[in-house]
Amino acid sequence: MLSQINLSKSEYGRMMQLISDLSVNFKNGTDELQHLLSQYFGYHSSIFWKIDQKGNLSNPTNHNLSDYLVEDYVNYFYNDDYLHPQKHLDFYRENIVLRMEDVISLEEYKSSDYYKEFMKKYGQYHKMTMTFYSHNKFVGVLGICRPLSEKGFTEVDFQRARILSPIVSNLLYLEREYEELRQEKELLEAFASESDTGLILLDKKYEIIYMNQAVWDIYRETNVYKSMEDFVGKIVSNVSNNFLSSPMLRLQGYKIKIIGHQELFLSRESRYAIIIERDKVVTIKENDLCNELTMREKEVCFYLKKGCTYKEISKKLFISVHTVNKHAKNIYKKLGVNSRSLLQAKLLYE
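Residues numbered from 1 in each chain as written. Predicted model: local features only at pLDDT ≥ 70, side-chain atom pairs only at ≥ 80, totals over all residues. Heavy atoms only, no water.

Help me understand the sheet that holds strand β3 (residues 97-99) in this model?
In any sheet, the strands associate via hydrogen bonds between backbone groups, in a parallel or an antiparallel arrangement. Reading across the sheet, the 5 strands line up as β2-β1-β5-β4-β3 and stay open at both edges, with antiparallel pairing between neighbours. For this open sheet the edge positions go to β2 (57-63) and β3, each flanked by a neighbour on one side alone. With strand direction ignored, the average angle separating the axes of adjacent strands in the sheet is 15°. Two elements, strand β1 (residues 45-51) and β2, share 5 bridges in a ladder whose sense is antiparallel. Bridging from a neighbouring strand, K50 pairs with S58 of β2. (Pairing = 2+ DSSP bridges. Helix = DSSP H or I, 4+ residues; strand = E, 2+ residues; numbered from the N terminus. Axes fitted to C-alpha atoms, helices over the stretch in contact; angles between N-to-C directions.)

Laid out in structure tokens, this is it:
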């Protein structure tokens, strides 16, 4: 591993400027971070990944790298990556940054299939992985590459990453929190426009944190409960007692669907949603909605509704991740939505 060195005043000045620029636009932190690292420090080729707490990577954002490189990595080479977070998870929580030569000799690396069939194919040689960890959670991973013709990552790069990562991690955490709140707002707005569909959000203790106007309308229509508290309490009781074994309940002409936090539809891990809709067949409007999509788009839509990642969809349909991304953009455009949460809300009734 590299030892710490003292950085120059100009180096600290550039880091402070990057942090200042990133703070101004933290809502787009991921894209802005890669742009600023390229501008200030010459990290021109990078991929930013979302990461869960088990080290699984998803939703890559590449900067100055080929889309085909990302596809090949996701489909074939991620298991061979010597710097993959799953191979160094505990280390990354404390040490933030690793270079290729920190985990394997360069001679062995040059003779590996990972280099010869992947990195060399796309003109890359040096690699450094920088992790972002905030509030006891991973919030992102950045892989930075350089070609063989450029110098490797030095003690300056190492020390720079050590200083920047904790501050950038907090900004990326704020970005994620903002995005979750934005998706939640879209979800609530989507259901607010569905006058016949009731929505109740519960926290992990099954306490009600939100319900829309349609729940009151359904309560009045059923007309068998003494009070709204009795009505909602009965539903919540059924949820807590039957959640694992009975995800669909009945209520006088309505069906009640229970959605767990594993659905991407819900932004927060600790939440559950109860959706109450009139028990009826699919309407003509819904059929028209489906008919706007091509057969392949319908297939992609089916898996998007289930919460599958682009990688999972690509494997199920035997197409590239890049192609899945293109289909998803077409689906969003045709159905008039701009996020997965709104798409799932719109498709939920089908």
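Let us keep going from here.
I tried to follow empty space enclosed by the protein on my own but got confused; where do I start?
Leftover empty space is mapped by rolling, across the atoms, a probe with the size of a water molecule. Here the structure, examined in full by the defined rule, presents 2 cavities of 30 Å³ or more. Counted as a void, the largest cavity has a volume near 150 Å³. Surrounding the largest cavity, 18 residues form its lining, W49, Y73, D81, K127 and G143 being those nearest its centre. Breaking the lining of the largest cavity down by element, the ones donating at least two residues are β1, α3 (67-77), α6 (113-119), β4 (126-134) and β5 (137-146). Of the residues in the lining of the largest cavity, the class split is 13 nonpolar, 3 polar and 2 charged. (1 Å grid on protein atoms, 1.4 Å probe; cavity = no way out; pocket = protein on both sides within 12 Å on 5 of 7 lines; lining within 4 Å. Points joined across faces, edges and corners; volume = space filled by probe spheres on them. Nonpolar A, V, L, I, M, F, W, Y, C, P; charged D, E, K, R; others polar.)

I would appreciate a short explanation of the side chain of S134 in the present structure.
Tracing the chain through its elements places S134 in strand β4. At a separation of 2.8 Å, a polar atom in the side chain of S134 contacts the side chain of H135. Excluding anything up to four places from it in sequence, S134 contacts V139, S169, N170 and Y173. (Polar contact = N/O pair within 3.5 Å; in protein donor to acceptor, adjacent residues only side chain to side chain. Contact = heavy atoms within 4.5 Å.)

Explanation requested: the environment of S38 in the structure shown.
Counting through the fold element by element, S38 comes out in helix α2 (residues 29-41). What makes S38 buried here is its relative accessible area of 14%. In the structure, S38 is positioned 26 residues away from N64 in sequence and 9.5 Å away in space, judged by C-alpha atoms. Contact partners of S38, with chain neighbours within four places excluded, come to Y43, H44 and H63. (Buried < 20%, exposed > 50% of the residue type's maximum accessible area, 1.4 Å probe, protein only.)

Just to check I follow, could you spell out the packing of helix α12 (residues 310-317) against helix α13 (residues 321-335) for this structure?
Each pair of packed helices can be described by the angle between their axes along with the distance between the axes. It is the contact of α12 with α13, at a shortest axis distance of 9 Å, that shows an interaxial angle of 105°. Classified by the interaxial angle, the pair formed by α12 and α13 is roughly perpendicular. Counted together, Y310, K311, I313 and S314 of α12 and V321, V324, N325, A328 and Y332 of α13 form the full contact between these two elements. When its residues are assigned to classes, the contact of α12 with α13 shows 6 nonpolar, 2 polar and 1 charged. (Parallel < 35°, antiparallel > 145°, perpendicular 65-115°, else oblique.)

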